[in-house]
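As a plain string of letters, each chain reads:
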Amino acid sequence: MMAEAAYRGTLLNNEPLAKYTSWRVGGPAQRMYLPEDKADLIAFIAGLPEDEPLVWIGLGSNLLVRDGGIRGTVINTRGRLKDMRLIDSARVYVEAGVPCAHVARFCSDLGLTGAEFLAGIPGTMGGALKMNAGAFGGETWGIVDRVEMINPRGEVVARGKQEFDVAYRSVKGLENEWFLSAELQLQKGNSETSQQHIKALLEKRNASQPTNKPTCGSVFKNPPGDFAARLIEACGLKGYAVGGAVVSEKHANFIENRGNATAVDIEALIEHIQTRVHNQFGIALQTEVCRMGDKA
Ligand SMILES: Cc1cc2nc3c(=O)[nH]c(=O)nc-3n(C[C@H](O)[C@H](O)[C@H](O)COP(=O)(O)OP(=O)(O)OC[C@H]3O[C@@H](n4cnc5c(N)ncnc54)[C@H](O)[C@@H]3O)c2cc1C
Ligand SMILES: NC(=O)C1=CN([C@@H]2O[C@H](COP(=O)(O)OP(=O)(O)OC[C@H]3O[C@@H](n4cnc5c(N)ncnc54)[C@H](OP(=O)(O)O)[C@@H]3O)[C@@H](O)[C@H]2O)C=CC1
Ligand SMILES: C=C(O[C@H]1[C@H](O)[C@@H](CO)O[C@H](OP(=O)(O)OP(=O)(O)OC[C@H]2O[C@@H](n3ccc(=O)[nH]c3=O)[C@H](O)[C@@H]2O)[C@@H]1NC(C)=O)C(=O)O
């Protein structure tokens, strides 16, 4: 590792990850780096051995970290890389650690429209770019113009949207590069209308999803032409539990941690659901949630 004086952020050893994931499960990170700001993160990565395994996390709202934890260095942007500013009339610069909800609010306050759908997505902009997070007809890459990325040598590269192969909850073209920031292209609109839109979307979401429970959102992607939740409910799996992990009674594509779930419980429940849906409907559900780390 590099000399301590060379960076301004915080380096933690053997840091438990459960408190950084919305499911509240996961073993320790061998090392975790909390950068002071973007320049500090670039310097930190440039100073690492090129073969140091790097894993990035934002708000951990789409992560299943296994109980054995993660080897190498976890870059945690939560509460860091949080600059956001208006570039010109309808363009916004946003760093990877900014929560999606803050982007939605910032844009609506400025009378810019297009980012309202981000309001209820409990992740960072970095996670939203990686996942092409979307809701209620909006998708992250629908409002992205260009991004700034970093590679394992600490080199920063500007990339245009056309360099990525973007689809439903999928972004290809990211080999060994991570997001530092994005430039969003919004439309001029009306602040009050945007705020009302956000309110309506949050109400809709709270009515159908267990937003106050520890979950990772939708566990599975929707298969073409159908809904994972419909299939899981039709298999009679609402309320089905493995250890502390249970299929939500409110929304069948959500798995709740009842308080004492382990990653093993959650993975076993995921596999059980896949088997049951496959046996009954012949459909192989694909996970949306990102699984990482070692088994305990
Ligand atoms: C209650 C609830 C509701 C949800 N609703 C939605 C929804 O409506 N729509 C939706 O799409 N998702 C939804 N999600 C899932 C989740 O919020 C999104 O996928 C979100 O974009 C994840 O962001 P994050 O910062 O938490 O990423 P994390 O979970 O921390 O990481 C997710 C992935 O992104 C990678 N990553 C993180 N930061 C970076 C970076 N800077 N550069 C490169 N890779 C990075 C990680 O390595 C990992 O592979 C929901 C989750 C919850 C808990
Ligand atoms: N704690 C739990 O049991 C659950 C947590 N989660 C998710 O886990 C992550 C960590 O939560 P927590 O430890 O409570 O941290 P915080 O409540 O401190 O939230 C961290 C950031 O996430 C934003 N956020 C929190 N909830 C939501 C939401 N429902 N929709 C949009 N943005 C949200 C917050 O925005 P703002 O500053 O505007 O409040 C804040 O910027 C968040 O993504 C949270 O949504 C999901 C389900 C259950
Ligand atoms: C939460 C996420 O994203 C969400 C996003 O918030 C919402 C709103 O746009 O639309 C998707 O959910 P979804 O497809 O389950 O949307 P919903 O409208 O709740 O349900 C779809 C259908 O499934 C049925 N349904 C839903 C829940 C349930 O328990 N049982 C059931 O049968 C509903 O009746 C409806 O006909 C995204 N999920 C996926 C996998 O695409 C996420 O990705 O983590």
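Basis of the calculations
Residues numbered from 1 in each chain as written. Chains lettered and ligands numbered in written order. Predicted model: local features only at pLDDT ≥ 70, side-chain atom pairs only at ≥ 80, totals over all residues. Heavy atoms only, no water. Helix = DSSP H or I, 4+ residues; strand = E, 2+ residues; numbered from the N terminus. Polar contact = N/O pair within 3.5 Å; in protein donor to acceptor, adjacent residues only side chain to side chain. Contact = heavy atoms within 4.5 Å. Near = heavy atom within 4 Å. Areas by Shrake-Rupley, 256 points an atom, 1.4 Å probe, with all protein chains shown as cover. Nonpolar A, V, L, I, M, F, W, Y, C, P; charged D, E, K, R; others polar. Domains from an automatic or database assignment. 1 Å grid on protein atoms, 1.4 Å probe; cavity = no way out; pocket = protein on both sides within 12 Å on 5 of 7 lines; lining within 4 Å. Points joined across faces, edges and corners; volume = space filled by probe spheres on them. Pairing = 2+ DSSP bridges. Expected span 1.5 Å × (residues − 1). Core = buried A, V, L, I, M, F, W, Y, C linked by side-chain atoms within 4.5 Å. Buried < 20%, exposed > 50% of the residue type's maximum accessible area, 1.4 Å probe, protein only. Buried area = accessible area lost by both parts, 1.4 Å probe. Salt bridge = Lys/Arg side-chain N within 4 Å of Asp/Glu carboxyl O.

Below, the discussion takes up the side chain of Asp226. As for its position among the elements, Asp226 is in the loop between α4 (191-208) and α5 (228-234). Among the polar contacts made by the side chain of Asp226, one reaches the side chain of Arg230 at a distance of 2.9 Å. The contacts of Asp226, once residues within four sequence positions are left out, are Leu231 and Ile283.

With respect to spatial proximity, 16 residues lie near ligand 2, and among them Arg24, His102, Arg105, Pro122 and Lys213 are the closest. Arg24 places a polar side-chain atom, nitrogen or oxygen, 2.9 Å from a nitrogen atom of ligand 2. Within the side chain of His102, one N or O atom sits 2.8 Å away from an oxygen atom of ligand 2. A total of 790 Å² of accessible area belongs to ligand 2 in isolation, and the protein chains cover 61% of it. In terms of residue class, the shell around ligand 2 is made up of seven nonpolar, five polar and four charged. Counting only domains with at least three residues in the shell around ligand 2, you end up with domain 1 (4-76) and domain 2 (84-208).

Here the second largest pocket defines a volume of roughly 160 Å³. Residue lining of the second largest pocket: Lys130, Met131, Arg169, Ser170, Val171, Lys172, Lys221, Thr287, Glu288, Val289 and Cys290, and that is the complete set. Elements with a minimum of two residues in the lining of the second largest pocket: α3 (125-131) and β14 (170-172). Looking at the lining of the second largest pocket residue by residue, the class counts come to four nonpolar, two polar and five charged. Shared between two domains, the lining of the second largest pocket takes at least three residues from each, and those domains are domain 2 (84-208) and domain 3 (228-292).

Looking now at the pairing of strand β11 (residues 144-150). Relative to strand β15 (residues 178-185), β11 is paired through six bridges, and the arrangement is antiparallel. Along β15, the bridge assignment pairs Arg146 with Glu183. As paired elements, β11 and strand β12 (residues 156-160) share five bridges and run antiparallel to each other. Each residue of the ladder has a partner; that of Ile150, found in β12, is Val156.

Here we take up helix α6 (residues 263-281). Over its 19 residues, α6 runs 27 Å from end to end, which matches the ideal 27 Å to within 8%, given 1.5 Å per residue. Buried residues belonging to α6 abut β4 (63-65), α5, β17 (241-242), β18 (245-247), β19 (255-257) and β20 (290-292). In the stretch just after α6, Gly282 is the one whose phi turns positive, near 70°.

Before going further, it helps to spend a moment on the nonpolar core. Counting 32 residues, the largest nonpolar core has Leu118, Val147 and Leu184 as its most contacted members. Those elements that place two or more of their residues in this core are β7 (91-95), α2 (100-109), α3, β11 and β15. Once residues within four sequence positions are removed from consideration, Leu118 is found in contact with Cys100, Ala101, Val103, Ala104, Met125, Thr140 and Ile143. If you look at the next biggest cluster of nonpolar residues, it comprises 25 residues, including Phe220, Ala229, Leu285 and Val289.

Time to look at the domain arrangement of the protein. Once the domains are mapped, the protein shows domain 1 (4-76), domain 2 (84-208) and domain 3 (228-292). Here the C-alpha centre of domain 2 lies 22 Å away from the C-alpha centre of domain 1. Listed per partner, the contact involves 12 residues of domain 1 and 17 residues of domain 2. Per-residue buried area on domain 1 facing domain 2 is highest for Lys38, Glu50 and Trp56; these three make up 42% of the total on that side. Summed over the shared surface of domain 1 and domain 2, the result is two salt bridges. Inspection of the region where domain 1 meets domain 2 yields three residue pairs in polar contact (both at pLDDT 80 or more). Of all elements in the fold, only α1 (38-46) and β3 (54-57) reach the threshold of two or more residues within the side of domain 1 that touches domain 2. It is α1 that provides the largest number of residues to the side of domain 1 that touches domain 2, a total of five residues. Looking at side-chain class alone, the side of domain 1 that touches domain 2 contains seven nonpolar, three polar and two charged residues.

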